[in-house]
Amino acid sequence: MRRILTCLAAGALAATALPGVASADPAAGGPVLRTVTAKFETPALYDDEAGGDADADDPAIWVNERDKARSRVIVTAKNGGLRVYDLRGRETQSFATPEAPGPDDEPGRFNNVDLVLGFPLRGRLVDLAVVTDRGRDKLRFYRIDDGVLTDVTAADAPFAFNTTQAEVNEQATAYGLATFRDGRDFLAVASRRHTPELGMFRLVAKGAKVSYQRVDKLVLPDTFRLKSGGSWTPCLEPGELPQIEGMTIDPALGVLYAAQEDVALWRVSVAGGRFGYTPRMVERTREYGVPAVYDPQTEECAFDWAADPGEGGRIAADVEGVTIFKTGRFGGTLLVSSQGDDTFYTYDRLTLRPLEHFAVVDGRVDGSQECDGAAVVNTPLPGFPGGLLVVHDGHETPDGERTATNVKFVDAGFLNRR
């Protein structure tokens, strides 16, 4: 979503920024844009009735430690369910979303996906794909056995954020997702659609099935104090607040990175299995602080760039897919999608020093535009000796008459900064 209204509000919350990063001036120069190309892509998914309302969104990469060639890329497709692909982008499995519980209720709609490794289930350790079902406001779980997925969601899994089906039907539901392990606990952080709310959930085994319990909550700011003394609220459709979608967790540092789409990339402590210190910004969007007016006819915001207070960063809203390329316990690169200009920014994993600016452009297959989600692993895989980066493409174009999406497979070696 790329819609950002500006208003003055009493009692606005001030954002705490990381020194030298959050206020980056896009006019002050920066790294030269690097271009990379993808080796493979998945088949186009069509967001229309003939295509099953399938709309690719967020990927996860499962590495098969026993047979790397049987590793899998798992992708949410919203109303089109969950898709599983091999390392050449060929579909190996597909899961439909759950039906609506009643005639006037919302059916399932799969938004984001992440992985849990080594979860104890029925006397053995298994890997899980975890999915946010934003249509039904639930987390769903798929056991992974040698690259084959099986649904193991408990039938009585609770709503993530709501208490009644009527509330669920309003669709302020589970949206973004990141998973991690803290000691013996396996945890998931989910964001809530159209709000700045985050929930933390402990995963629990129920026989051969998996459920969860909510253990903590955090609400990011929705209004921001400017240096001028005024305040700024992102331009959104009336009734909405600035939501979070793209997320990842660095368990070695006990840190969650959360992309509040129209505002900034945030850093939040999750050490000890709870939300910790006051959230801090890693980098703001270019649009941060800029007055804008929402147009209901176009569903877009018109920005008054002449009144830009100069407090924004480099990222063109939305801030989206967030992932980490790890090169050791603490070494590596944090990557974020700058959806508004079809590019990506990277940061040093430990210091968050800005590193590179790159784009996935046309080559053997076409490039990535309006990237919603990204995932990366540093493990050498067949065809990807430098590791694998998977990025969403919001404008796949095999047939210009139909809206299509997919994901691209890129060798991740260019991210290696050992």
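Described below are features of the structure shown in this document. All of these numbers come straight from a predicted model, not from anything done at the bench. (Residues numbered from 1 in each chain as written. Predicted model: local features only at pLDDT ≥ 70, side-chain atom pairs only at ≥ 80, totals over all residues. Heavy atoms only, no water.)

**Observations regarding the sheet that holds strand S14 (residues 185-192)**
The cut-off we apply is this: Paired strands, as defined in this entry, are two strands with at least two bridges between them according to DSSP. Note on conventions: DSSP H or I runs of at least 4 residues are helices, E runs of at least 2 residues are strands, and numbering of each starts at the N terminus. To get an axis, fit a line to the C-alpha atoms, keeping to the stretch in contact for a helix; angles then go from 0 to 180 degrees between the N-to-C directions.
The sheet built from four strands is open, its strands ordered S13-S14-S15-S16 with antiparallel pairing. Here the strands that pair on one side only, and so sit at the sheet edges, are strand S13 (174-182) and strand S16 (209-219). Going across the sheet, the axis of each strand differs from the next one's by a mean of 25 degrees, ignoring polarity. Here S13 runs beside S14; their pairing, made up of seven bridges, is antiparallel. Its bridge partner being in S14, Phe180 is matched across the sheet by Leu187.

**Regarding the packing of aromatic side chains**
This is how the line gets drawn: Pairing of aromatic rings covers Phe, Tyr and Trp, the last through its six-membered ring, and needs centres within 6.5 Å; plane angles under 30 degrees mean stacked, over 60 mean edge-to-face, and all others mean tilted. For each residue, the accessible area found with a 1.4 Å probe, counting protein chains only, is set against the maximum for its type, and the residue is called buried under 20%, exposed over 50%, and partly exposed in between. Here, a charge over a ring means that NZ of Lys or CZ of Arg falls within 6 Å of the ring centre while also lying within 35 degrees of the ring normal.
Counted according to the given criterion, the structure contains 14 aromatic pairs. Judged by centre distance (4.9 Å) and plane angle (50 degrees), the rings of Trp232 and Tyr288 are tilted. One end of the pair, Trp232, is in strand S18 (residues 231-232); the other, Tyr288, is in the loop between strand S22 (280-284) and strand S23 (292-295), with 56 residues separating them in the sequence. Across the pair, Tyr288 and Trp232 agree in class, each one buried. By the ring-pair criterion, three or more aromatic residues cluster together here, those being Phe141, Phe161, Phe201 and Tyr212. The ring of Phe384 carries the charged tip of Lys39 above its face, separated from the ring centre by 5.5 Å. Taking NZ or CZ as reference, Arg280 lies 5.3 Å from the ring centre of Tyr277, over its face.

**Some thoughts on the pairing of strand S31 (residues 404-411)**
Among the eight residues in S31, eight count as buried, and that is most of the element. The side-chain alternation of S31 yields two buried faces, one formed by Ala404, Asn406, Lys408 and Val410 and the other by Thr405, Val407, Phe409 and Asp411. Taken together, the two bridges between strand S4 (residues 45-46) and S31 define a ladder with antiparallel strand orientation. For Leu45, the partnering residue across the bridge sits in S31 and is Thr405. Inspection of the sheet shows strand S30 (residues 388-396) paired to S31 by seven bridges, in the antiparallel sense. Pairing of Val390 across the sheet is with Phe409, part of S31.

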